[in-house]
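An overview of the molecular structure
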Amino acid sequence: MIENNYLKSLNILYVEDEPTTAKKFSSILKKIFNEVFYAPNGKEALDIFYNNNINIVISDINMPILNGLELAKEIRKTDINLPIVLISARNESDTLLEAIDLNIDSYILKPISLDAFIEKINSISKKIEAKENQKILDQYKQVIDDASIVVKFDLDGKITYTNNLYSKVTGFNFDEVKDKYFNFNQHLEEKSSVYLELWEKLRDKEQWKGRLRNYTKDKNEYIIDSIIIPIIDINNNTKEYISISNDVTDQISLNNLLNIEIKNYKDNLTSKSHFLTEYQRGLNEITSIAKTDKDFNIITINTKFLKILELQRKELINRNFFNFINLEENNCVEFLENLKNKKASEQIIIFDTKKEKKHIDINISPILDSNKNIIEYLIVANDLTSSINLQHEIELTQKDVILTLGEIGEQRSNETGNHVKRVSKYSYLLAKKLGFTEEEANLIQLAAPMHDIGKIGIPDSILHKKGKLTKEEFAIMKTHTTIGFDMLKNSKRKIMKAAAIISHEHHEKWDGSGYPRGLAGEEIHIYGRILSVVDTFDALGSERCYKKAWELDDILEYLKEKAGKDFDPKVVDILLNSIDEFLEIKEELTFEVQGEVA
């Protein structure tokens, strides 16, 4: 059973028209959630949804009055983010395809496994909790937007965004300043050297801090303390700049008086110490921060930083900071090179804490003396784990949808889900060895499971026939390629487009004797040529209702014989030359299922 106190605060709506199943799983859900609302059909479920605070919906697809998909459509009119899990039968792949566009969070296949059911619930709860954390982060961002003057500008210095406080302080609304240079209203007495220094730092991907004097729309002077930060993408390219400023116009007179007081007490050590302590206290309250000596041995580290690393202060003090970082895993070459060149350096680092892997944005700035020698380093940390985990959950949901569709096609023809998983892994391996980028290799890996999705349109009498198919029966069987293509071809998603190609062309042959279109050679898309080889390799080595599994030597001999006839010879050569890697995948994803080898 799930041990998760967070779930005790959530309400779930469970929709199932089969009484025995409903009773069984309702009793399980009541032990997990705060309150369980049950409905035997979609219409009653929709009434419950409108009148209660529902956090998760789990619904069967095939129901009377209002089915699960129709229920999801109605809910999405009101709440586009509410987690919805659909319980799907094997013959409902067309419904699942439609459900993708409804942003369905996950699927449970019938017959329902208790372990799978609980695993899905736990996964969804984590997504909800991550979204709650994201809401809190958005509120923090809103606080900054409400309290500070925020301006964004592009690489040419032209304004692309201003917030409400900017308009309140300057008198300019956004339409009046859009596409103007961000310093269009600078004070006539402002030194040009300030902006030269500012741009030099920004183009070196460093942040700039300082005080700027400007004019309002009414030509009055106003003064701001600003920090301007370059926004860097994953490829270390600057995308834009953001300026966060505080209006200090009314404070300048007071600050001048304070400066006089500080000067009068400059020899008073106690007074100096007090001011320094106050600045440090303020910094510690809002930032995860540490300091090291010039050799990166940790001198001080605050409580917020310790909490992120899940370590005690005594475990860190006088230890080298980089002892806690796997430099090879995190690819820190450029990060370290910047530090060596006395430049501030920033990178997202993976830390292995006592409980989990954490993704932490680390910013290290060298502190220089008057001779520009490094005397220590200042380290600022920001825990990005929740945001990165949320993105990972979204990617897993997409993979879950695709794998579910692939398994439907295979199980319609009495083949196991592990066949599609192996074909998927084989496709990725071949694609990488053919020189595909990581992105395109992942694309074919995700799309490969749907190569036989068209089999849902083939009658059971043909799919499950143990003897040889007649000429007429084989003609019907061949239509699974066009059925799958027609199901997927109109999607605008990259994965579905790739799956449409694979479904359509994985039975084409190198010499033009394949189907459905008789394409030859490189007329066949490379996706189809890869799937043709890996699907045959796995199918020959697997036992089916109409044949025994072949021995490995016989399979390899068959592939050699058919290279240049049925298969792209280059693809076959790569598989044969890397056979040990393919066999590792086969061994990893092979298990016994109802007396048959998967």
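Here the structure is shown first, and the text comes after it.
First things first, this report covers the structure right here in the doc. (Residues numbered from 1 in each chain as written. Predicted model: local features only at pLDDT ≥ 70, side-chain atom pairs only at ≥ 80, totals over all residues. Heavy atoms only, no water.)

**Digging into the overall build of the chain**
Heads up, the condition is: Strands are runs of DSSP state E lasting at least two residues, helices are runs of H or I lasting at least four, and both sets are numbered from the N terminus onward. Buried, partly exposed and exposed residues are distinguished by accessible area as a fraction of the type maximum, computed with a 1.4 Å probe on protein chains only: under 20%, between the cut-offs, and over 50%, respectively. Working definition of accessibility: Shrake-Rupley area with a 1.4 Å probe, residue cover restricted to the visible protein chains.
Along the chain, the regular secondary structure elements total 24 helices and 17 strands. Every one of the 598 residues in the chain was classed for burial, and the buried ones make up 43%. For the chain, the exposed area adds up to about 32,700 Å²; of that, 50% sits on carbon and sulfur atoms.

**Observations regarding the sheet that holds strand β10 (residues 238-247)**
Filter applied, for reference: By definition, two strands form a pair when at least two bridges between them are found by DSSP. Note on geometry: axes are C-alpha line fits, over the in-contact stretch for helices, and angles between N-to-C directions span 0 to 180 degrees.
Overall, antiparallel pairing links the 5 strands, which are arranged β7-β6-β10-β9-β8 in an open sheet. Each edge of the sheet is formed by a strand with only one pairing partner; in this case those strands are β7 (159-162) and β8 (208-215). The mean inter-strand angle of the sheet, taken between neighbouring strand axes irrespective of direction, is 30 degrees. By the bridge criterion, 3 bridges tie strand β6 (residues 149-153) to β7 in an arrangement that is antiparallel. Counterpart to Lys152 in the pairing with β7 is Tyr161.

**What about the pairing of strand β4 (residues 84-88)?**
To keep it simple, the criterion reads: By convention, a crossover is right-handed whenever its connection, traced from the first strand over the helix to the second and viewed with the strands pointing away, goes clockwise.
Counting buried positions along β4 gives 5 out of 5 residues, so the element sits mostly inside the fold. Examined bridge by bridge, strand β3 (residues 56-60) and β4 share 4 bridges and lie parallel to one another. If you follow Ile58 over to β4, its bridge partner there is Val85. Once the chain exits β3 it traverses helix α3 (residues 68-78) before rejoining the sheet at β4, and the crossover so formed is right-handed. Strand direction decides the pairing type here: β4 and strand β5 (residues 106-109), joined by 4 bridges, are parallel. Residue pairing in the sheet places Val85 in a bridge with Ser106 of β5.

**What about helix α1 (residues 19-30)?**
Rules: For a helix, the expected span equals 1.5 Å multiplied by the residue count minus one. The arc refers to the directions leading from the helix axis to the C-beta atoms. Each polar contact in these results corresponds to two N or O atoms within 3.5 Å; when the atoms are within protein, one needs to be able to donate a hydrogen and the other to accept it, and residues that are neighboring in sequence are counted only if both atoms are side-chain atoms.
An ideal rise of 1.5 Å per residue puts 16 Å on 12 residues; α1 measures up with 16 Å between its terminal C-alpha atoms. Within the sequence span of α1, burial applies to Ala22, Phe25, Ser26, Ile28 and Leu29. Burial along α1 is one-sided: seen end-on, the buried residues are contained in an arc of 160 degrees. The exposed set on the far side of α1, more than 90 degrees from its buried face, consists of Pro19, Thr20, Lys23 and Lys30. Structurally, the start of α1 carries an N-cap: the backbone nitrogen of Thr20 is 3.3 Å from a side-chain oxygen of Glu18.

**Overview of the sheet that holds strand β1 (residues 11-15)**
Pairing is parallel in the open sheet, where 5 strands are placed in the order β2-β1-β3-β4-β5. A single partner strand is all that each edge strand has here, and the edge strands are β2 (35-39) and β5. With direction set aside, neighbouring strand axes in the sheet form an average angle of 20 degrees. Bridge count between β1 and β3: 4 bridges; the pairing is parallel. Within the sheet, the bridge partner assigned to Ile12 lies in β3 and is Ile56.

**Description of the packing of helix α2 (residues 42-51) against α3**
Test applied: Should an angle lie under 35 degrees it is considered roughly parallel, over 145 roughly antiparallel, and from 65 to 115 roughly perpendicular; all remaining angles are considered oblique. Left-handed describes a crossing whose near helix is turned anticlockwise from the far helix by less than a right angle; the clockwise case is right-handed. Whether two residues touch is decided by their heavy atoms; if any such pair falls within 4.5 Å, the residues are in contact. By the convention adopted, Pro, Cys, Tyr, Trp, Phe, Met, Ile, Leu, Val and Ala count as nonpolar, Lys, Arg, Asp and Glu as charged, and the other residues, Gly among them, as polar.
Taken N-terminus to C-terminus, the directions of α2 and α3 make an angle of 20 degrees; their axes are 10 Å apart at the nearest point. Classified by the angle their axes make, α2 and α3 are roughly parallel. For α2 against α3, the interelement crossing comes out right-handed. The segment α2 lies against α3, with Gly42, Ala45, Leu46, Phe49 and Tyr50 engaging Leu71, Glu74, Ile75 and Thr78. Along the lines of polarity and charge, the residues of the contact of α2 with α3 split into 6 nonpolar, 2 polar and 1 charged.

**Section: a negative patch on the surface**
To keep things clear, this is the line we draw: Patch definition: residues with relative accessible area over 30% and no salt bridge; like charges joined within 9 Å; nonpolar side chains (Val, Leu, Ile, Met, Phe, Trp, Tyr) joined within 5 Å. By definition here, a salt bridge exists when the distance from a side-chain nitrogen of Lys or Arg to a carboxyl oxygen of Asp or Glu is within 4 Å. Residues counted as positive are Lys and Arg, residues counted as negative are Asp and Glu, and His and the chain ends are not counted. Charge positions are represented by NZ for Lys, CZ for Arg, CG for Asp and CD for Glu.
On the surface, a cluster of negative charge is made up of Glu551, Asp553, Asp554, Glu557 and Glu561. Examined against the element boundaries, Glu561 turns out to sit in helix α22 (residues 552-562).

**Comments concerning empty space enclosed by the protein**
For clarity, the threshold we go by: In this analysis, the protein atoms alone were mapped onto a 1 Å grid. Cavities are point sets where a 1.4 Å probe fits without being able to get out; pockets are open sets with protein on both sides within 12 Å along at least five of seven lines; lining residues have an atom within 4 Å of a point. Grid points are joined across faces, edges and corners, and a volume is the space filled by probe spheres set on the points.
As enumerated under the stated definition, the model contains 3 cavities of 30 Å³ or more in all. Taken together, 17 residues make up the lining of the largest cavity; nearest its centre are Val151, Phe182, Asn214, Ile224 and Ser243. Elements supplying a minimum of two residues to the lining of the largest cavity: β6, α6 (164-170), β8, β9 (221-232) and β10. Taken together, the residues of the lining of the largest cavity sort by class into 10 nonpolar, 7 polar and no charged.

**Topic: the packing of aromatic side chains**
Counted only if it meets this: Here the aromatic set is Phe, Tyr and Trp, taking the six-membered ring for Trp, and pairing holds for ring centres within 6.5 Å; pairs whose planes are under 30 degrees apart are stacked, those over 60 apart are edge-to-face, and all others are tilted. Distance and angle both matter: a charge sits over a ring if NZ of Lys or CZ of Arg is within 6 Å of the ring centre and within 35 degrees of the ring normal.
One pass over the full model with this rule turns up 20 aromatic pairs. On the basis of an interplanar angle of 70 degrees and a centroid distance of 6.4 Å, the ring pair of Phe322 and Phe335 is categorised as edge-to-face. With a gap of 13 residues between them, Phe322 in the loop between α11 (303-309) and α12 (327-330) and Phe335 in helix α13 (residues 333-340) connect regions that are remote in the sequence. Clustering of aromatic rings is evident, with ring pairs tying together Phe296, Phe305, Phe321, Phe322, Phe335, Phe351 and Tyr377. Lying across the ring of Tyr161, Lys152 places its NZ or CZ 5.5 Å from the centre.

**Notes on the pattern of salt bridges**
Applying the stated rule across the entire model yields 20 salt bridges. Put simply, Glu176 and Lys217 hold a salt bridge, and the shortest N to O gap is 2.6 Å. Of this pair, Glu176 sits in helix α7 (residues 174-177) while Lys217 sits in the loop between β8 and β9, and the two are 41 residues apart along the sequence. On the basis of relative accessible area, Glu176 is assigned to the partly exposed category, the value being 28%. Ionic pairing is found between Asp225 and Arg211, a salt bridge with its closest N-O pair at 2.7 Å. On the criterion of sequence distance, the pair formed by Asp225 in strand β9 and Arg211 in strand β8 is long-range, its members being 14 residues apart. Residue classification places Asp225 among the partly exposed positions, given a relative accessible area of 28%.

**Side note on unusual backbone geometry**
The omega torsion of the bond from Tyr515 to Pro516 falls at 10 degrees, within 30 degrees of zero and hence cis. Within the secondary structure, Pro516 is located in the loop between α20 (494-505) and α21 (526-540). At Phe296, a position not held by glycine, the phi torsion is positive, near 70 degrees. Turning to its location among the elements, Phe296 is positioned in the loop between β11 (288-293) and β12 (298-301). Positive phi, close to 65 degrees, is recorded for Lys342, a residue that is not glycine.

Everything listed is a geometric property; what it means functionally is a separate question.
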